[in-house]
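Chain and residue survey
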Amino acid sequence: MSVKPKLTRFNQNVLSKYQIYNSIFMTLPFDSITKTGVLLPLFHETCKKGFESGDDPTTIVETFFKKYQARRSKESQLNLLFRIIQYIERQVVLFDAIEDAAFPVVNNMEGIGTLRSLKEMASSGRKKEELKKYLEEFKVRIVLTAHPTQFYPGSVLGIITNLTEAIQEDDLTRINDLLAQLGKTPFYKHKKPTPYDEAISLIWYLENVFYYSFGTIYDYIQQNIFDNEEIDNSILNIGFWPGGDRDGNPFVTPEITLKVAQRLKQTVLKNYYRDARRLRRKLTFKGVEERIVAIETKLWNHMINPTDTSILPLSELVSELHAIKHLLETEHQSLYLSEINSYINKVKLFGYHFANLDIRQDSRAHDKVFTQMVEGVIASGSDIFPKNFLELSEKEQVEILSNVKGKVDLSIFEDEEVLKALNTMKVIKDIQEANGEQAANRYIISNNQTTLNVMQLFAMLKLVAFHDDLTVDIGPLFETVPDLENAHLVMEELYTNPAYSAHLKKRGNRQTIMLGFSDGTKDGGYLMANWAIFQAKERLTEISRKYDVTVIFFDGRGGPPARGGGKTHQFYASLGPTIEDKEVQLTIQGQTISSNFGTLDSSQYNLEQLLSSGILNRLNEKNNVMSAENTAVMDDLAGISYKTYVDFKNHPMFVPYLERMSTLKYYAKTNIGSRPSKRGKGDGLVFADLRAIPFVGSWSQLKQNVPGFFGVGTALKTYEDAGEFDKVMQLYNDSNFFKTLIANSMMSLSKSFFDLTKYMADDPEFGAFWKIIYTEFETTKRLLLKLTGFKTLMEDEPAGKASIDIRESIVLPLLTIQQYALRKIQELEKAEVRDEEQIKIYETLVTRSLFGNINASRNSA
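Residues numbered from 1 in each chain as written. Predicted model: local features only at pLDDT ≥ 70, side-chain atom pairs only at ≥ 80, totals over all residues. Heavy atoms only, no water.

1. Description of the overall build of the protein chain
- The number of helices and strands found in the protein chain is 33 helices and nine strands.
- Taken against the 2.2 N^0.38 rule, which gives 29 Å for 861 residues, the C-alpha radius of gyration of the protein chain at 28 Å falls within 12% of a compact globule.
- Counting only carbon and sulfur atoms, one obtains 50% of the accessible surface of the protein chain, whose full area is about 33,900 Å².
- Within the protein chain, the 110 negative side-chain charges are centred at a point lying 4 Å from the centre of the 102 positive side-chain charges. (Helix = DSSP H or I, 4+ residues; strand = E, 2+ residues; numbered from the N terminus. Rg over C-alpha atoms; globule rule 2.2 N^0.38 Å. Areas by Shrake-Rupley, 256 points an atom, 1.4 Å probe, with all protein chains shown as cover. Lys, Arg positive; Asp, Glu negative; His and termini not counted. Charge placed at Lys NZ, Arg CZ, Asp CG, Glu CD.)

Shown next as structure tokens:
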């Protein structure tokens, strides 16, 4: 039977079902929903036709009320706008659930990029042994972060999960009940979550999704590629930042970190206990039953008391499971052998840690703590540091820190920040002792600029907790364009430092280096950030290989292309031989967790795509080094776009435009994350203090998506004007890396809608600035179509484009309301007498409209 095209499958299984179930939702027996459900299509049509006619959001809203709701009071009109927002939020949830339910139908679960496809490709090309060899050393680590781009509270996530199941089963009665539940469940968080709350939210995915999808993938590899042999490599593992990432988040304390680690252990023990209970019903054989019962009992006891490591040490659990496996093979005809193998594999993957809890802090925060620590130690009369240490040069300080010995007594300190930082280092050791070394054995230094930044942490870890046995990997994070250019020099200084080199040898000569796409794009624009990271990886690979160190690149990626997101698997498949690729490591955050990994099907599919992409990068003989000619063109394009973006960023209207015309300042009011929305404590907006998420998200709310394209059009036009566009075409045809960059930028353009803010062109203060953005958008769109030969954006991905179009259509009224409210606020703030009550109402309208817009985009921030 022939398989229908992906777009047809999408239309039948997503679009048609959405239209059917949305009509059920509109007829729910709740007065507010029924009335809003009748008025929303009229408002949507008014928005659509209004923007087509060139109307601004204020005119559109006023036209709607005049035409359909003329008798409503001002207060009643505002109440209706709030109800429309609430209604659309629920439409987005419904669409999410339908798309999740249709995932295995719309996407080919055995097609290109899946493990089955990879295995068959390797077998047909007689590369199965080569594939096995790669899998024995290749790893993928996804790192879940608590960065606030997810607006659904836990109760709503639960409804999405149940609704997805009901839709898959076409259970109309259950769907009806769940839609009714959805209509009455609040979406708004009245209090900011604590870091522990954020951890609990993400542990849900570990417990209910990743535990199973990781296990299924590992089982498939073992059975179908390794013919049921043991694999001396975990292949997949998972990192975790909530409760460990304290960069800019003062609410993450040592106590929180320890509490999160304990919760991770308890949760994996709970999953092991459930599996033991299920196995117990099957393993009813002589000599086996009593052993599985004993495991079940001990797991229960350990789950209740996770700090008592004597109840069931991990080594005992592993040996008991292997003993049961041996009995099944030798005495019970291998009955249920695959189930016990699957259990053993999960224990191998997750241990007692479940996820690797990373610790992260900014180098500037470390420097303050370190300086105070040194001053305190010297004042106490200790000879750990010479009295003039802080007056020495960086090189001299590094030399002393390399050979530092002793123990720092924390009782001599009173400063809260110093104690928080140093106690965190002690907590790392406590976690390792309770949950195993993998539970917390990596410390990321964000904004790393120098060798001294690394050696300060190296010394603090040894002096405070680890002394001569440092079981922690230090990972510098390079983010800005200048830091990326300098990164290989910093690493060479570390590789040639005898003390640090000795530490690396004990750690298997592997060095993690993190590279930040989000802040890189904010700092240098889209093309330059991606190219600077690509080149930095090449230089870091070369210098690491020179000193016999395997470098592990850990990419700090967000959801959208502007933050390193988009088509990540295509990116990893395109890197070529000049970049070390023994591991793929990347952050997954907010909406991207729920949209790409929120169900068993989507999780398995996207993990397989990532796993395959890294291996394809090795197996692909066509993935050659970029030619000198293409490198020169890429370098030039990046340079032109960088200058264009930096000039734009330095425009005197840049910060005021974001501050007054966008939703930037409303991000902090959404109560979706524990972390403040900017780094600095001052009231004024300083660009350097801006976090990448609200920065990118604010452009997304404006439907301008500047960070995903600005500078690209000008760079391409430079070649067109010079009559050398064929050079860019050559680069596009030869380089999968450049192709992926262009595809991702095209996605950013597809999610832009300048008709929404066209009214700004006539603004006396910001009109000229809006026109700069719009001109660059039009230039980029025209030249990307010319470069690809497409007639429309994302022409090669009709199903992806269709999904974006439906989501954008659902939230069109939300966007209109948001812009209407922003304009009302501007008017009220200019009035001679400020009506604070009215301003507050419109500000709430803006904040509430943020939710649905972000959730509908799925990778907007």
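2. With respect to the side chain of histidine 302
- Note on placement: histidine 302 falls in helix 11 (residues 289–304).
- Engagement of the side chain of histidine 302 in a polar contact is seen with the side chain of lysine 265, the distance being 3.3 Å.
- Ignoring sequence-local partners within four residues, the contact set of histidine 302 consists of Lys265, Leu269, Asp308, Thr309, Ile311, Leu312 and Tyr352. (Polar contact = N/O pair within 3.5 Å; in protein donor to acceptor, adjacent residues only side chain to side chain. Contact = heavy atoms within 4.5 Å.)

3. Here we look at the nonpolar core
- Of all hydrophobic cores here, the largest spans 267 residues; its most connected members are Ile142, Phe240 and Phe385.
- With 16 residues, the single largest contributor to this core is helix 4 (residues 74–106).
- Residue contacts for phenylalanine 240: discarding those within four places in its chain leaves Val143, Leu144, Ala199, Leu202, Ile203, Leu206, Val260, Leu264, Ala355, Asn356, Leu357 and Asp358.
- Membership of the second largest hydrophobic core comes to six residues, among which are Val143, Ile444, Met514 and Phe554. (Core = buried A, V, L, I, M, F, W, Y, C linked by side-chain atoms within 4.5 Å. Buried < 20%, exposed > 50% of the residue type's maximum accessible area, 1.4 Å probe, protein only.)

4. Some details on the sheet that holds strand 8 (residues 550–556)
- Taken in spatial order, the nine strands make up an open sheet running 3-2-1-9-8-7-6-5-4, and their pairing is parallel. At either margin of the open sheet sits one strand with a lone partner, and together these are strand 3 (356–357) and strand 4 (359–362).
- Relative to strand 3, strand 2 (residues 236–240) runs parallel, the two sharing two bridges. Looking across to strand 3, one finds that phenylalanine 240 is bridged to leucine 357. (Pairing = 2+ DSSP bridges.)

5. What to know about the side chain of serine 446
- Structurally, serine 446 is set in strand 5 (residues 442–446).
- In this structure the side chain of serine 446 is engaged in a polar contact, spanning 3.4 Å, whose partner is the backbone nitrogen of aspartate 362.
- Those residues within four positions of serine 446 in sequence are excluded, and the remaining contacts are Asp247, Arg360, Gln361, Asp362, Ser363, Leu477 and Glu479.

6. Regarding the packing of aromatic side chains
- All chains considered together, the criterion is met by 46 aromatic pairs.
- On the numbers, 5.8 Å between centres and 70° between planes, the contact of phenylalanine 709 with phenylalanine 777 is edge-to-face. Remark: phenylalanine 777 occurs in helix 31 (residues 767–788) and phenylalanine 709 occurs in the loop between helix 27 (692–701) and helix 28 (712–721); sequence separation between them is 68 residues. Each member of the pair, phenylalanine 709 as well as phenylalanine 777, is classed as buried.
- Note that arginine 442 overlies the ring of phenylalanine 554, its terminal NZ or CZ placed 4.4 Å from the centroid.
- In this structure, lysine 786 packs its charged tip against the face of phenylalanine 725, placed 4.6 Å from the ring centre. (Phe/Tyr/Trp six-rings, centres within 6.5 Å; stacked < 30°, edge-to-face > 60°. Lys NZ or Arg CZ within 6 Å of the ring centre and 35° of its normal.)

7. So, the pattern of salt bridges
- Taken as a whole and judged by the stated rule, the model has 43 salt bridges.
- Among the salt bridges present, the one from glutamate 316 reaches lysine 298, with a minimum N-O distance of 2.7 Å. One end of the pair, glutamate 316, is in helix 12 (residues 314–331); the other, lysine 298, is in helix 11, and 18 residues separate them in sequence.
- The class of glutamate 316 is partly exposed, set by a relative accessible area of 25%.
- In this structure, the salt-bridge partner of aspartate 647 is lysine 643, at a minimum N-O distance of 2.8 Å. One end of the pair is aspartate 647 and the other is lysine 643, both in helix 25 (residues 628–649) and four residues apart, which spans about a single turn.
- Since its relative accessible area comes to 44%, aspartate 647 is described here as partly exposed.
- Connected via shared salt-bridge partners are Glu89, Arg90 and Arg848. (Salt bridge = Lys/Arg side-chain N within 4 Å of Asp/Glu carboxyl O.)

8. Quick notes on the packing of helix 18 (residues 481–495) against helix 21 (residues 526–546)
- Where helix 18 contacts helix 21, the two axes come as close as 9 Å, and the packing angle between them is 10°. Judged on the interaxial angle alone, helix 21 and helix 18 are roughly parallel. Seen from helix 18, the contacting residues are Val481, Leu484, Glu485, Ala487, His488, Met491, Glu492 and Tyr495; seen from helix 21, they are Met528, Ala532, Ile533, Ala536, Arg539, Leu540, Ile543, Ser544 and Lys546.
- For the contact of helix 18 with helix 21, the class distribution of residues is 11 nonpolar, two polar and four charged. (Axes fitted to C-alpha atoms, helices over the stretch in contact; angles between N-to-C directions. Parallel < 35°, antiparallel > 145°, perpendicular 65-115°, else oblique. Nonpolar A, V, L, I, M, F, W, Y, C, P; charged D, E, K, R; others polar.)

9. With respect to the pairing of strand 2
- Of all five residues in strand 2, five are buried; the element is thus mostly enclosed.
- Side chains Leu236, Ile238 and Phe240 of strand 2 all project onto a buried face; the interleaved residues Asn237 and Gly239 project onto the opposite face, where all are buried too.
- With five bridges joining them, strand 1 (residues 139–145) and strand 2 adopt parallel strand pairing. Paired with isoleucine 142 across the two strands is isoleucine 238, which belongs to strand 2.

10. Regarding the confidence of the model for the protein chain
- Taken as a whole, the protein chain shows an average pLDDT of 89; of its residues, 92% reach a score of 70 or greater.
- In this model residues 671–675 is a low-confidence stretch, pLDDT under 50, and it forms 32 contacts with partners more than four residues away in sequence or in other chains. (pLDDT = per-residue confidence, 0-100.)

11. Some words on the environment of proline 242
- Within the secondary structure, proline 242 sits in the loop between strand 2 and helix 10 (254–282).
- Between the alpha carbons of proline 242 and asparagine 435 there is a distance of 17 Å; along the sequence they are 193 residues apart.
- Apart from the residues within four sequence positions on either side, proline 242 is in contact with Leu144, Thr145, Ala146, Pro195, Glu198, Ala199, Leu202, Val260 and Leu357.

12. A closer look at helix 29 (residues 725–734)
- The complete set of buried residues in helix 29 reads Phe725, Val728, Leu731 and Tyr732. For helix 29, the arc enclosing every buried residue in end-on projection is 115°, short of the 170-degree limit, so these residues lie on one face. Seen from the buried face of helix 29, the exposed residues on the opposite side, beyond 90 degrees, are Asp726 and Asn733. (Arc of directions from axis to C-beta.)

13. Structural notes on the pairing of strand 9 (residues 583–589)
- Burial within strand 9 is extensive, with seven of its seven residues counted as buried.
- Both faces of strand 9 are covered, namely the face carrying Glu583, Gln585, Thr587 and Gln589 and the face carrying Val584, Leu586 and Ile588.
- Taken together, the seven bridges between strand 1 and strand 9 define a ladder with parallel strand orientation. Looking at strand 9, one finds that threonine 145 is bridged to glutamine 589.

14. A look at the packing of helix 11 against helix 12
- The interhelical angle for the contact between helix 11 and helix 12, taken along N-to-C directions, is 160°, at an axis separation of 10 Å. Judged on the interaxial angle alone, helix 12 and helix 11 are roughly antiparallel. Taken as a pair, helix 11 and helix 12 cross one another with a handedness that is left-handed. Residues Arg291, Ile292, Ile295, Lys298 and Leu299 of helix 11 lie in contact with helix 12, whose contacting residues are Glu316, Leu317, Glu320, Leu321, Ala323, Ile324 and Leu327.
- For the contact of helix 11 with helix 12, a count of residues per class yields eight nonpolar, no polar and four charged. (Left-handed = near helix turned anticlockwise from the far one by under 90°.)

15. Quick look at unusual backbone geometry
- Of note in the backbone geometry, serine 334 takes a positive phi value of approximately 60° without being a glycine.
- Here serine 334 lies in the loop between helix 12 and helix 13 (337–350).
- Judged by its relative accessible area of 32%, serine 334 falls in the partly exposed class.

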